[in-house]
Amino acid sequence: KMDFLGLRTLTVIHDAEEMIRRLEPDFSMHTIPYDDKATYAMLSQGESEGVFQLESSGMKQMLMNLKPTKLEHLIAANSLYRPGPAKQIDLFVENSHHPEKVRYALPQLKPILEDTFGCIVYQEQVMQILRSLAGYSYGRADVVRRAMSKKKKDVMEAERKNFLAGCAENQIDTEIANSIFDQISEFAKYAFNKSHAACYSLVAYRTAYLKCYYPAQFMAALLTSVLDSSNK
């Protein structure tokens, strides 16, 4: 699946880059580091006005609590800050600062959920769980993911039997399997697809980096992009 989105922010980045090249001819957005401490420190202080997707008061608060240090954290923040998964934000933030508190119902879940501190955040994770625990094919896992996201309860309850049967073949306790299925049914209604969140977070980081190191050029490009809206 591909989404083709027209984003004003891409023009802002392009225009800022052109202005920066007047001073630094070799500057390119394609060579900036994605582990820049100053950029993440700025976001951790809630200084994200003008930063793509990270401007709202709730998102600023989440960033101040989370204190991101890598792109993976921004991807998760973008995915969690929406109705539904938002109730997981506190757990995600707490576990990110205290990884020793993370608990996995089964050891097979650790490699799938480790990057998100034990929380199911992405649709891809739901599919991985179905494959790892119950032996689903990629295609079958995607059919279940779609049924979950469209809240088709009848399809889901029918699928529970298949999931339990697959888990039984892998010697997974029925009670634990039922509990995991309840969990993925709940989260899959709201789970984001990580590939989409990753693209958005990449754009968010690039605007944050520009704001951190080239605020004059970035703000000039940003203001120019909304010249027709005095409120903005």
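Within each chain, residue numbers correspond to sequence positions counted from 1 in written order. Whole-chain, interface and lining totals are the exception, using all residues; otherwise, since this is a predicted model, local features are given only for residues with pLDDT of at least 70 and side-chain atom pairs are given and counted only at 80 or more. The side-chain figures draw on all heavy atoms in the structure; neither hydrogens nor water molecules are used.

Enquirer: Pulling in residues and values, what's your account of the overall build of the protein chain?
Expert: Where helices and strands are cited, they refer to DSSP runs of H or I of at least four residues and of E of at least two residues respectively, numbered from the N terminus. A count of helices and strands for the protein chain gives 12 helices and 0 strands. For the protein chain, the C-alpha atoms occupy an extent of roughly 65 × 35 × 35 Å along the three principal directions. A simple rule labels every residue: compare its accessible area, found with a 1.4 Å probe on the protein chains alone, to the largest value its type can have, and call it buried under 20%, exposed over 50%, or partly exposed in between. With 232 residues in all, the protein chain has 46% of them scored as buried. Taking contacts inside the protein chain between residues at least 6 apart in sequence as the whole, the part at least 24 apart equals 64%. Counted as positive: Lys and Arg. Counted as negative: Asp and Glu, with His and the chain ends omitted from the count. Lysine's charge is taken at NZ, arginine's at CZ, aspartate's at CG and glutamate's at CD. Within the protein chain, one finds 28 positive and 28 negative side-chain charges whose respective centroids are separated by 4 Å. By the convention used here, residues are in contact when the closest approach between their heavy atoms is within 4.5 Å.

Enquirer: Describe the pattern of salt bridges, and please don't skip the residues or the numbers.
Expert: Whenever Lys or Arg places a side-chain nitrogen within 4 Å of a carboxyl oxygen from Asp or Glu, that contact is recorded as a salt bridge. Per the counting criterion, the structure on display carries 12 salt bridges. Across the salt bridge formed by K194 and E72, the nearest N and O atoms sit 2.8 Å from each other. Taken together, the positions of K194 in helix α11 (residues 194–213) and E72 in helix α4 (residues 71–80) put the pair 122 residues apart, joining distant regions of the chain. The residue D182 makes a salt bridge to R160 at a minimum N-O spacing of 2.7 Å. One end of the pair, D182, is in helix α10 (residues 174–188); the other, R160, is in helix α9 (residues 153–169), with 22 residues separating them in the sequence.

Enquirer: Report on the layout of surface pockets, specifying residues and quantitative values.
Expert: Computed from the structure, the largest pocket encloses a volume of approximately 700 Å³. Lining the largest pocket are 25 residues, with D3, L5, S195, H196 and C199 positioned closest to its centre. Elements with a minimum of two residues in the lining of the largest pocket: α1 (8–23), α7 (123–134), α8 (138–149) and α11. Sort the elements by how many residues they give to the lining of the largest pocket and α11 lands first, with 7 residues. Only Asp, Glu, Lys and Arg are considered charged in this grouping, and only Ala, Val, Leu, Ile, Met, Phe, Trp, Tyr, Cys and Pro are considered nonpolar; every other residue, Gly among them, is considered polar. Broken down by class, the residue content of the lining of the largest pocket amounts to 12 nonpolar, 6 polar and 7 charged. Cavities and pockets were defined on a 1 Å grid built over protein atoms only: a cavity is a set of grid points that admits a 1.4 Å probe from which the probe cannot escape, a pocket is an open set flanked by protein on both sides within 12 Å along at least five of seven lines, and lining residues are those with an atom within 4 Å of any such point. Grid points are joined across faces, edges and corners, and a volume is the space filled by probe spheres set on the points.

Enquirer: So what about unusual backbone geometry? Which residues, and what values?
Expert: For K67, which is not glycine, the phi dihedral falls at a positive 55°. Along the chain, K67 turns up in the loop between α3 (57–66) and α4. A relative accessible area of 44% means that K67 is categorised as partly exposed. The phi torsion at F117 lies on the positive side, around 55°, for a residue other than glycine. Here F117 shows up in the loop between α6 (110–113) and α7.

Enquirer: Run through the environment of Y81, naming residues and quoting values.
Expert: By secondary structure assignment, the location of Y81 is in the loop between α4 and α5 (89–97). Sequence-wise, Y81 and A16 are 65 residues apart; in three dimensions their C-alpha atoms are separated by 28 Å. The residues touching Y81, leaving out its near neighbours within four places in the chain, are S56, G58, M59, M62 and I89.

Enquirer: Got a sec to walk through the packing of aromatic side chains? Specific residues and values, please.
Expert: How two aromatic rings sit relative to each other is set out by the distance from centre to centre and by the angle between their planes. To pair, rings of Phe, Tyr and Trp, with the six-membered ring standing in for Trp, must have centres within 6.5 Å; the planes then decide the type, stacked if under 30 degrees apart, edge-to-face if over 60, and tilted in the middle. Tallying each qualifying case throughout the model produces 8 aromatic pairs. A centroid spacing of 5.1 Å and a plane angle of 70° characterise the contact between F92 and F117, whose relative ring orientation is edge-to-face. Of the two residues, F92 is situated in helix α5 and F117 in the loop between α6 and α7; the sequence distance between them amounts to 25 residues. Owing to a relative accessible area of 0%, F92 belongs among the buried residues under this scheme. Taken together, Y34, Y40, Y205, Y209 and Y213 form an aromatic cluster joined through their ring pairs. Taking the ring centre of Y138 as reference, the NZ or CZ of R131 above it sits at 3.6 Å. The rule for a charge over a ring is simple: NZ of Lys or CZ of Arg within 6 Å of the ring centre, and within 35 degrees of the ring normal.

Enquirer: Residue-level account of the nonpolar core, with values.
Expert: In summary, soluble globular proteins display a tendency toward joint burial of nonpolar side chains. By nonpolar core we mean a set of buried residues, namely Ala, Val, Leu, Ile, Met, Phe, Trp, Tyr and Cys, connected to one another through side-chain atoms within 4.5 Å. Residues F27, L43, L54, L74, F92, Y205 and L210 are the most contacted members of the largest nonpolar core, which totals 44 residues. Of all the secondary structure elements, the ones that give two or more residues to this core are α1, α2 (37–44), α3, α4, α5, α11 and α12 (215–225). In terms of nonpolar packing, the next biggest core, distinct from the first, is built from 27 residues, V126, M127, I172 and A177 among them.

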